[in-house]
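Architecture and fold: a report
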Amino acid sequence: MIGRIATYVVLQALAGLGGWTLDRERGALLGVALTGFLWFLFDAFRGARLLAWLRQGECRDPPMRHGLWGEVADRTRRVVRNLNQKTQSSDERLQDFLAAIQASPNGVVLLDAEGRIEWCNETAAGHLGFHAERDREQLIGYLVRDPSFAAYMAAQNFGHEVMIEGRSSTFSRPVRLSLQMHPYGEGRNLLLSRDITALEQAEVMRRDFVANVSHEIRTPLTVLSGFIETLQNLPLDADERERYLAMMALQSQRMQSLVSDLLTLSRLEGSPLPSMQAWTSLPDLMAQCEQEARALSASLTATVGKPHQLSFTPAPHVALAGSPSEWQSAFSNLVSNAVRYTPPGGAISVDWQIQDGGVGDGFGTSSGGVVFSVQDTGPGIAPEHIPRLTERFYRVDRSRSRETGGTGLGLAIVKHVLQRHGAELKISSTPGQGSRFSIGVPGGRVR
Ligand code: ADP
């Protein structure tokens with residue numbers, strides 16, 4: 001600034017001196033006035049250029065670099081550049097936040113003080129059935145018409161959540177949502193939505209399971225207490241007593257099997273996945289299955305005198321990775337089911353097949369895998385029951401299952417064991433002709 005004043009003073013002095021030499025005082029005055037005017041014009045011109053440059057808005061290359069205006073332009077450029085950088089980084093952070101909220105499995109809706117949508121993520125739009133962009137500024141109450149939500153909004157008591165039916169809910173695929181408002185800022189609200197369909201289904205399953213277990217235990221208990229009462233109140237002869245005690249033993253055996261299967265299931269659900277380091281010899285597994293099957297068949301057909309025809313293909317010398325007791329329980333369950341459901345005199349064959357990469361038994365094409373199958377000539381199973389057989393307590397023939405000591409949990413245990421070992425269960429059956437239960441063990445689990 002001092003330089004600029006000095007330049008101005010020097011120029012004025014020179015102009016005054018020049019004017020003085022030409023026309024004394026008049027010349028000096030004229031020279032000073034003319035120089036002042038020219039200085040003003042030059043300054044105005046540079047100021048106008050600077051203004052035009054600022055109006056462009058970009059403020060990249062300043063129109064001048066020297067003098068006062070040059071410095072103003074340079075400093076303006078730097079201030080604008082810093083502001084731009086700050087805005088850009090805030091913008092990037094905002095985009096990061098929005099992307100994180102978009103990735104959330106829960107729905108998020110920001111509402112203004114009137115309850116209009118300011119922003120929402122795609123999850124919320126999907127849950128509540130509106131368009132994330134198009135429905136901005138719309139009142140949430142117009143878009144979510146569920147009566148429970150309307151009552152929740154009217155009561156303005158947001159200390160709890162409200163459950164509503166999801167927009168995509170259908171009779172066969174119900175969707176349940178939990179919504180809760182969280183007030184923030186000045187009268188604003190954050191609406192969070194959560195898909196609780198799986199949670200509610202799990203709760204229903206838990207209730208059904210408890211009801212089923214209670215029912216299964218109550219039946220033998222009722223029978224047992226009836227016999228106890230009879231034994232206490234009636235004078236029975238030795239034979240009758242023996243018969244009653246045998247029936248009581250059967251009922252308590254039934255309860256024991258049920259509790260033991262329940263414990264097996266809970267162990268399967270609660271324990272870590274079986275190790276890949278433990279190996280079970282297939283011929284040993286088979287030998288045990290065969291022994292159990294023959295004993296079971298003998299006990300079931302003893303009174304009829306028509307034994308089952310059991311055939312066991314010798315197992316190849318391979319070993320399976322995983323828990324030996326779990327493998328044993330899966331294979332034994334299938335073999336014992338075949339024996340229990342096949343009438344006396346029927347045939348049961350247990351086979352093994354090493355897959356060579358061909359289509360095999362319908363278990364994909366992984367080579368080196370093993371397929372275990374149990375074929376029987378029992379009553380067979382109608383197609384509509386097959387997908388439900390592995391559900392807990394699902395039985396096609398309840399009385400046959402009870403008569404033979406079934407708990408209704410055998411195939412549920414098989415399914416769990418196979419899932420834990422990456423193996424698969426396939427069931428094919430023709431009513432009246434028999435059934436085939438196969439287990440496909442992947443190549444990675446066979447040595
Ligand atoms: P359960 O203890 O009743 O046998 P499972 O879970 O082992 O329970 O089997 C479920 C149902 O599947 C059985 O109740 C039975 O109706 C049917 N089932 C299983 N295996 C056979 C089979 N080999 N032949 C016919 N029905 C079978």
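See the structure shown above.
The rules behind each value
Residues numbered from 1 in each chain as written. Predicted model: local features only at pLDDT ≥ 70, side-chain atom pairs only at ≥ 80, totals over all residues. Heavy atoms only, no water. Helix = DSSP H or I, 4+ residues; strand = E, 2+ residues; numbered from the N terminus. Buried < 20%, exposed > 50% of the residue type's maximum accessible area, 1.4 Å probe, protein only. Pairing = 2+ DSSP bridges. Axes fitted to C-alpha atoms, helices over the stretch in contact; angles between N-to-C directions. Left-handed = near helix turned anticlockwise from the far one by under 90°. Contact = heavy atoms within 4.5 Å. Nonpolar A, V, L, I, M, F, W, Y, C, P; charged D, E, K, R; others polar. Expected span 1.5 Å × (residues − 1). Polar contact = N/O pair within 3.5 Å; in protein donor to acceptor, adjacent residues only side chain to side chain. Arc of directions from axis to C-beta. Near = heavy atom within 4 Å. Areas by Shrake-Rupley, 256 points an atom, 1.4 Å probe, with all protein chains shown as cover. Salt bridge = Lys/Arg side-chain N within 4 Å of Asp/Glu carboxyl O. Patch = residues over 30% accessible without salt bridge, like charges linked within 9 Å, V, L, I, M, F, W, Y side chains within 5 Å.

Okay, unusual backbone geometry next. One non-glycine residue, Arg24, adopts positive backbone phi at about 45°. Tracing the backbone shows Arg24 in helix H1 (residues 2-56). Owing to a relative accessible area of 54%, Arg24 belongs among the exposed residues under this scheme.

Across four bridges, strand E7 (residues 309-312) lies against strand E9 (residues 347-354) in parallel orientation. Along E9, the bridge assignment pairs Phe312 with Val350. With seven bridges connecting them, E9 and strand E10 (residues 370-376) associate as antiparallel partners. Paired with Ile348 across the bridge in E10 is Asp376.

Axis separation between helix H9 (residues 324-341) and helix H11 (residues 410-420) bottoms out at 9 Å; the angle between their running directions is 145°. The interaxial crossing formed by H9 with H11 has left-handed handedness. From H9, Glu326, Trp327, Ser329, Ala330, Asn333, Leu334 and Asn337 reach across to H11, where they touch Gly410, Leu411, Ile413, Val414, Val417, Leu418 and Arg420. In terms of residue class, the contact of H9 with H11 is built from eight nonpolar, four polar and two charged.

Another point: helix H7 (residues 238-270). With 33 residues, H7 should cover 48 Å at 1.5 Å per step; its first-to-last C-alpha distance of 47 Å lies within 8% of that length. What H7 keeps buried is the set Tyr244, Met248, Gln251, Arg254, Met255, Leu258, Asp261, Leu262, Thr264, Leu265 and Leu268. Where H7 begins, the capping side chain belongs to Asp237, and its oxygen is found 3.2 Å from the backbone nitrogen of Asp239.

Along an α-helix, residues three or four apart share an orientation, since each turn contains 3.6 residues. Where helix H5 (residues 147-155) is concerned, the buried positions are Phe149, Tyr152 and Met153. Relative to the axis of H5, the buried residues are bounded by an arc of 95° and lie together on one face. Structural note: H5 exposes Pro147, Ala154 and Ala155 on the side pointing more than 90 degrees away from its buried face. Residues of H5 that are buried make contact with helix H4 (140-143), strand E3 (162-165), strand E4 (176-184) and strand E5 (188-195). Just beyond H5, the residue with positive phi is Gln156, at close to 55°.

Arg340, Tyr341, Ser401, Gly408 and Leu411 are the nearest of the 20 residues found near the ligand. Arg340 places a polar side-chain atom, nitrogen or oxygen, 2.8 Å from an oxygen atom of the ligand. A distance of 3.5 Å separates an oxygen atom of the ligand from a polar atom in the backbone of Asp397. Notes on the ligand: free accessible area 530 Å², of which the protein chains cover 98%. For the shell around the ligand, the secondary-structure elements that each account for two or more residues are H9, H11 and strand E12 (434-441). Classifying every residue of the shell around the ligand gives nine nonpolar, seven polar and four charged.

So, on to the side chain of Asn189. Within the secondary structure, Asn189 sits in strand E5. Once residues within four sequence positions are removed from consideration, Asn189 is found in contact with Val109, Leu110, Leu111, Phe158, Met181, His182, Pro183 and Tyr184.

This next bit is on the pattern of salt bridges. Following the criterion strictly, the structure yields 21 salt bridges and no others. For Glu161, the salt bridge goes to Arg194, with nearest N and O atoms at 3.0 Å. Placement of Glu161 in the loop between H5 and E3 and of Arg194 in strand E5 is noted, with a sequence separation of 33 residues between them.

It is worth spelling out a nonpolar patch on the surface at this point. Taken together, the side chains of Met1, Ile5, Tyr8, Val9, Leu68 and Val72 make up a nonpolar region of the molecular surface, amounting to roughly 530 Å² of accessible area. Taken together, the elements giving at least two residues each to the nonpolar patch come down to H1 and helix H2 (67-103). Ranked by residue count, the leading element in the nonpolar patch is H1, at three residues. Structurally, Val9 is set in helix H1.

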